[in-house]
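# Remarks on the overall topology
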Amino acid sequence: MLALLYVLPVSAQTPASYTSADIFLQLKKLKVLGSVLYMAAHPDDENTRLLAWLSRERLYRTGYLSLTRGDGGQNLIGDEQGIDLGLIRTQELLAARRTDGAEQFFSRAFDFGFSKSTDEALEKWGKEKVLSDAVWIIRKFQPDIIITRFPEDSRAGHGHHSASAVIAHEAFKAAADPNRFPEQFKYGVQPWKVKRIVWNTFNFGTTNTTSNDQLKIDVGGYNALVGKSYGEIAAESRSMHKSQGFGVPGSRGTQLEYFTLTEGDAAQNDLMDGVNVSWSKVEGGNAIDAQIDDVLKNYSLTEPQNSVPDLVNLYKTLQALKDGYWKKQKMDEVQRLIEECSGLWLEATTGNEMAVEGDSVRISIAINNRLGAPIQLNKINLDVLDTTLSMNLEKNRNVNLQRTFYVFITKPISQPYWLEHKMSDGSFTVNDQTLIGKPQNEPPYQARFDLVIAGQSFSIYKPVLYKHTDPVKGELYQPLAVVPSSTVTTEPSIVIFRKGEKQSAEVAITVTANKKFDNYKARISKRLTYDNSTKTDSNFNMQPGMQRQYIFKIDNGMLKEKEQDFVQAFVELKNGTEEQPAYLNLNNIRYDHVPYIHYFYQDAIKVLNIDIKTAGKKIGYIEGAGDKVIIALKQMGYNVTVLNEKDITPLQLKQFDAVITGVRAYNVHTYLESKHEVLMDYVKNGGNLIVQYNTSNNISSVTSKIGPFQFAITRNRVTDEKATVNFVLPEHAVLNYPNKITAKDFDNWVQERGIYFAEQLDPAYETPLSMADPNEKEQKGSLIIGNYGKGKFVYTGLVFFRELPAGVPGAYRLLANIIALNKKKGF
Ligand SMILES: [Zn+2]
């Protein structure tokens, strides 16, 4: 991949611009033939200051391998979880890399949430699979040294962290071993020996692993060509992790980084001790180094285009070298510099965000040789279009062309490559070895410009981008997505039937046309395990954007003895012989700090047929940082009212059987501090306040009082979703009314049991449950209940926000009991 160095593009897709100082720094980089790979587990683990310093001060080719995409993290900016969050964090990481100048890689490992042990992480990921990925990336990237963020033991603080160090260490050895992963060699890689692997020790306040006898390097300098210190660049890079709330201030002055050897040759004074990072390591390299010196000496800040002929000569000299890693790398860099020095503008854009299969796309091509370097444009190629021009590009003259092409039905849709196949619990499925490690897909369409610059032929590729102007945000460039001719959604997301009663519900299948359909016939199928049915629409005439909804009736008889099933939809669209099947829905994720994200999934309705009783009807919900609990509550039959700050008054609250706060509500709404008394009065008068988890960590802590009696929110959690749940108070109402809770209700939970448990409890709290992760002591803080006046107060770290959308029956039954706590007398 090409790293866009030294620039801070406003949005990820906006074409980069380069000042003469940016270009000068890149010219200097031509002299450096060294590379470093940094390795850790998650987006945000990386040391952005060190990466910025390696990439821009030392001018090494610098990479960060994050084993996972951070799918299991928290989300402070929206309600995306799991792979959706991983997609956002992938883009945040790429935004960080555009800032610090490093390149980005991933393995197939899935971030399945907090893990307490290295062994659990390696087992769930599939150690050989992830090791193979790390070895592949090392063999391709060929780093001189590897730096890990974490040690291989518990000082790493998270099972994924220590596991990332284990993988790095083993990959260091395996990459050099021709007997390890030999199946990779047919894809063009060879064994690669890394000089050393070191651990970048840290002082995180609670854990200090640095010491004076370690290798120390000051990375706190100032880069005059960038106009920033490495601490300032690092802060901008780290602040891209917005979903994690990692905005940090810039720093100036000395900043020491510490390193200790894991394996390989020890370094005494410098990370690169004993590594030749100059052209002298390449046959014929000394002459090239001298040639680069001449380019640097003659470089003009005001007329960078004057360097174009010299750079073209340098390119030709490189071309004559024996094939090898640095030849290829430096030829790419020189070509980019020729483009930048000439001020050449090349773009291919469309006014549509989507290229629809079976429809056409109109492309605008814009060319401008802004500084008048000697450039001839011969040809433009785009998909099946070839345009021969053979024209001299005059200085600062706009050349504009319009072209339209057809998007074949066989054109692959823009599905991120790691989501193309069904994943396993701990890792993504990617069958194409050559895709492993890549941060994202290649753009679906690229324009190739064939040029002759100072007598030498070059082909420059530009992705086709969606370009538009927003009245507030200005000119925007976004990725172009290839989508199917129609998309299919289902609703509602969950249907809950009460077992034993004959119940039915209506479900809807909606087909959205993404292009025009004339005289098509649609066949819409609804599928349950034991019940399929179809409808035919012989008049499927649709304009782009039009939707048609088809209603089907389901009942709990169709589930037979199943407690949980799914409704899925399949649609066939036919016009004579042409047939277009449809079953995928498009998910758009949009935030300002990253490019638009698109991916496809098959929508489904979760259908539960469970023995569930509820007591109470009206629920007030104070939304937190984002969760899908309200949808579940409505399906359970409650009337849910969303409460804002102004609604939290004694008169309003009085009407509710229970008031529930969304996840992290006390973290995101500081106003709740001033509502404590009102909420406690509501409880005292017979209400039931149920507080879902809030966090206590370096990102945000709760200052407000939450309950009627003291308790502290800790970072304690039970991550094993199969951990045994013990009933400490088996007679307690919460385990008996209106539903009898048994061990079975804790079957099939997903990801974890609970997080941010309560501790240091006032004795007034009851703790009906206890649970523990393997080899840890029992914890009682997952669910605490306080009797206050005539009402109840509940704090729970149990992850209802995950289990309810996942359709876990026991989570519904337990939540119904928590809501009913103030209804049952005598407990
Ligand atoms: Zn981490």
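Residues numbered from 1 in each chain as written. Predicted model: local features only at pLDDT ≥ 70, side-chain atom pairs only at ≥ 80, totals over all residues. Heavy atoms only, no water.

## Quick look at the nonpolar core
In summary, soluble globular proteins display a tendency toward joint burial of nonpolar side chains. Leu633, Tyr795 and Tyr812 are the most contacted members of the largest nonpolar core, which has 75 residues in total. The element contributing the most residues to this core is helix α16 (residues 809-819), with 7 residues. Other than its neighbours up to four places away in sequence, Tyr795 contacts Val691, Gln692, Tyr693, Asn694, Phe711, Ile713, Tyr756, Phe757, Ala758, Ser782, Leu783 and Ile784. Counting 52 residues, the second largest nonpolar core, distinct from the first, contains Leu27, Ile338, Ile365 and Leu377. (Core = buried A, V, L, I, M, F, W, Y, C linked by side-chain atoms within 4.5 Å. Buried < 20%, exposed > 50% of the residue type's maximum accessible area, 1.4 Å probe, protein only. Helix = DSSP H or I, 4+ residues; strand = E, 2+ residues; numbered from the N terminus. Contact = heavy atoms within 4.5 Å.)

## Points about the coordination of the zinc ion
Here the zinc ion is held by the protein donor atoms His42 (ND1), Asp45 (OD) and His161 (NE2), which lie 2.1 Å from it. Mapped onto the polypeptide sequence, the residues donating to the zinc ion form the spacing pattern H-x2-D-x115-H. As far as the burial class goes, His42 and Asp45 line up, both buried. (Donors = N, O, S within 2.8 Å, 3.2 Å for Na, K, Ca; no water.)

## A few points about the pairing of strand β21 (residues 494-498)
Of all 5 residues that make up β21, 4 are buried, and the element is covered over most of its length. Sheet topology places β21 next to strand β30 (residues 604-610); 5 bridges connect them, and they run parallel. Bridge assignment links Arg498 to a residue of β30, and that residue is Ile610. (Pairing = 2+ DSSP bridges.)

## Side note on the pattern of salt bridges
Tallying each qualifying case throughout the model produces 43 salt bridges. In this structure, the salt-bridge partner of Lys297 is Asp294, at a minimum N-O distance of 3.5 Å. With a gap of 3 residues between them, Lys297 and Asp294 both fall in helix α8 (residues 285-298), about one helical turn apart. Assessed through its relative accessible area of 64%, Lys297 is described here as exposed. On the accessibility criterion, Asp294 (38% relative accessible area) is partly exposed. For Lys646, the salt bridge is made with Asp647, and the minimal N-O distance between the two is 3.3 Å. For Lys646, a relative accessible area of 65% corresponds to the exposed category. Accessibility expressed as a relative area gives 12% for Asp647, which makes it buried. (Salt bridge = Lys/Arg side-chain N within 4 Å of Asp/Glu carboxyl O.)

## Looking at the sheet that holds strand β5 (residues 196-201)
Taking strand neighbours across the sheet as the criterion, the 7 strands line up as β3-β2-β1-β4-β5-β9-β6 in an open arrangement whose pairing is mixed. With one partner strand each, in any of the chains shown, β3 (103-106) and β6 (215-218) form the two edges of the open sheet. The average undirected angle you get between the axes of adjacent strands in this sheet is 30°. Across 4 bridges, strand β1 (residues 35-40) lies against strand β4 (residues 145-148) in parallel orientation. Note on β4: the bridge partner recorded for Met39 is Thr148. (Axes fitted to C-alpha atoms, helices over the stretch in contact; angles between N-to-C directions.)

## A word on the environment of Ser704
With respect to the helices, strands and loops of the structure, Ser704 is situated in the loop between β34 (688-692) and β35 (712-713). Ser704 sits 28 residues away from His676 along the chain, and the two C-alpha atoms are 7.8 Å apart. Residue contacts for Ser704: discarding those within four places in its chain leaves Tyr666, Leu672 and Glu673.

## What about the packing of helix α2 (residues 48-56) against helix α7 (residues 230-238)?
Axis separation between α2 and α7 bottoms out at 8 Å; the angle between their running directions is 120°. In terms of orientation, α2 and α7 fall into the oblique class. As for how α2 packs across α7, the hand of that crossing is right-handed. In contact with Thr48, Arg49, Ala52, Trp53 and Arg56 of α2, α7 contributes Tyr230, Gly231, Ile233, Ala234, Ser237 and Arg238. (Parallel < 35°, antiparallel > 145°, perpendicular 65-115°, else oblique. Left-handed = near helix turned anticlockwise from the far one by under 90°.)

## Looking at the confidence of the model for the protein chain
Taken over all residues, the pLDDT of the protein chain has a mean of 94, while the share at 70 or more is 97%. Between residues 1-10, whose pLDDT stays under 50, and residues either more than four places distant or in other chains, the model counts 31 contacts. (pLDDT = per-residue confidence, 0-100.)

## Focus on the packing of aromatic side chains
Any two aromatic rings considered together are summarised by their centre-to-centre distance and by the angle between their planes. Here the structure, examined in full by the defined rule, presents 27 aromatic pairs. Ring centres of Trp136 and Tyr187 lie 6.3 Å apart, and the angle between their planes is 85°; this geometry places the pair in the edge-to-face category. With Trp136 in helix α5 (residues 127-141) and Tyr187 in the loop between α6 (159-175) and β5, this pair connects stretches of sequence that are 51 residues apart. Ring-pair connections join several aromatic residues into one group, and the members of that group are Phe709, Phe711, Tyr765, Tyr788, Phe793 and Tyr795. Just above the ring of Phe106 sits the side chain of Arg69; from NZ or CZ to the centre is 4.2 Å. Across from the ring centre of Phe570, 4.0 Å away, lies the NZ or CZ of Arg527, which sits over that ring. (Phe/Tyr/Trp six-rings, centres within 6.5 Å; stacked < 30°, edge-to-face > 60°. Lys NZ or Arg CZ within 6 Å of the ring centre and 35° of its normal.)

## A few points about the environment of His160
You can see His160 is positioned in helix α6. Look at His160 and you get buried, because its relative accessible area is 0%. Put simply, His160 and Asp293 are 133 residues apart on the chain and 45 Å apart in space, counted from C-alpha to C-alpha. Here His160 is in contact with Ala41, His42, Asp111, Phe112, Gly113, Ser115, Ala121 and Trp125, once residues within four sequence places are set aside. At 3.3 Å, the side chain of His160 forms a polar contact with the backbone oxygen of Gly113. (Polar contact = N/O pair within 3.5 Å; in protein donor to acceptor, adjacent residues only side chain to side chain.)

## With respect to α7
Since there are 3.6 residues in each turn of an α-helix, residues three or four apart along the chain are aligned in direction. Most of α7 sits out of view: 7 of its 9 residues are buried. Taken as a whole, α7 has its buried residues at Tyr230, Gly231, Glu232, Ile233, Ala234, Ala235 and Ser237. In the core, the buried residues of α7 are packed alongside α2, α3 (83-100), β7 (222-223) and β8 (228-229).

## Re helix α14 (residues 676-684)
Three or more residues of α14 are buried, namely His676, Leu679, Met680, Tyr682 and Val683. One face of α14 carries all of its buried residues, which in axial projection span an arc of 155°. Elements in contact with the buried residues of α14: α12 (650-653), β33 (658-661), α13 (665-668), β34, β40 (783-788) and β41 (791-796). Gly686 occupies a position one or two residues after α14 and carries a positive phi of about 110°. (Arc of directions from axis to C-beta.)

## As for the environment of Val683
Within the secondary structure, Val683 is located in helix α14. When its relative accessible area of 0% is taken as the criterion, Val683 is described as buried. When the C-alpha atoms of Val683 and Arg155 are compared, they prove to be 43 Å apart, with 528 residues separating the residues in sequence. Residues contacting Val683, with those up to four places away along its chain left out, are Leu689, Tyr788, Lys790, Gly791, Lys792 and Phe793.

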